[in-house]
Amino acid sequence: MSKAALSLLLVCISVIQANNLIPWSASRKLTWSDFTGNPDPHSSNAALTSSNINIEYGYDEKGFQYSITCNFDKNRSWVRIKNNEVLAHEQGHFDIAEINARKLNKLMKAYHFNAKTANTDLNKLYGNAMKQHRLEQAQYDQETDYSRNRPKQAEWLAKIEQELKETAPFADYHH
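Okay, so let's go over this structure. Keep in mind it's a predicted model, so treat the numbers as computed, not measured. (Residues numbered from 1 in each chain as written. Predicted model: local features only at pLDDT ≥ 70, side-chain atom pairs only at ≥ 80, totals over all residues. Heavy atoms only, no water.)

## Regarding the side chain of Asn20
Positionally, Asn20 belongs in the loop between α1 (2-19) and β1 (21-23). With a relative accessible area of 17%, Asn20 lands in the buried category. Here Asn75 takes part through its side chain, which lies 3.4 Å from a polar atom of the side chain of Asn20. (Helix = DSSP H or I, 4+ residues; strand = E, 2+ residues; numbered from the N terminus. Buried < 20%, exposed > 50% of the residue type's maximum accessible area, 1.4 Å probe, protein only. Polar contact = N/O pair within 3.5 Å; in protein donor to acceptor, adjacent residues only side chain to side chain.)

## Considering the pairing of strand β3 (residues 51-59)
Pairing of β3 with strand β4 (residues 64-73) involves 9 bridges; the strand directions are antiparallel. The residue of β4 that forms the bridge with Gly58 is Gln65. Counted between consecutive antiparallel strands, the loop separating β3 from β4 contains 4 residues. (Pairing = 2+ DSSP bridges.)

## Quick notes on the environment of Phe64
Mapped onto the elements, Phe64 comes out in strand β4. Judged by relative accessible area, which is 17%, Phe64 ranks as buried. Between the alpha carbons of Phe64 and Ala115 there is a distance of 8.7 Å; along the sequence they are 51 residues apart. The contact partners of Phe64, leaving out residues within four places of it in the chain, are Gly58, Tyr59, Met108, Tyr111, Phe113 and Leu122. (Contact = heavy atoms within 4.5 Å.)

## A short note on unusual backbone geometry
Here Asp145, not a glycine, exhibits a phi torsion of approximately 50 degrees, which is positive. Looking at the secondary structure, you find Asp145 in the loop between α3 (118-144) and α4 (150-166). Given a relative accessible area of 34%, Asp145 falls into the partly exposed group. Its identity is not glycine, yet Ser147 carries a phi of approximately 90 degrees, on the positive side. You can call Ser147 buried: its relative accessible area is 7%.

## So, α3
The end-to-end C-alpha separation of α3 is 39 Å, in line with the 39 Å expected for 27 residues at 1.5 Å each. Along α3, the positions that sit buried rather than exposed are Ala118, Leu122, Leu125, Ala129, Met130, His133, Glu136, Gln137, Tyr140, Asp141 and Thr144. The elements touched by buried residues of α3 are β3, β4, α2 (84-110) and α4. Positive phi appears at Asp145, one or two residues downstream of α3, with a value of about 50 degrees. (Expected span 1.5 Å × (residues − 1).)

Below is the structure:
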């Protein structure tokens, strides 16, 4: 009985969490209504985008399969100042996450499977990819001064658009 109740609880939690996640899509841009979290009282940011890149994989002696997701978390994303510049900046953060999900897919496709070292190899690949992702997100904020440096913000948005085009061959990362 307790196992069944626990399973049902986990399913409910998973469904609730899934309802708070928005998968990246070229046709679906963020809106302010997507930012449902409470602002961090210790932060002076105008808004915060919480996105995540996850990978699930499995393997046996013959090979491996994987699936990557890139999601925006509504409950962990928040806003204080609503204007078009800030929203475009936050969309940029989500787009950078998508670019990095595609880069991870490219790395995974290039990986030469070895059953003996796969777990270590794949964790290292993911760890390095996420380190690069975090560095790029921080660089974006620093160089644009969190959207306040308009010329740099415009430069970054053009760069992001170009990177989305360049990484398009790796956009199909759900296997």
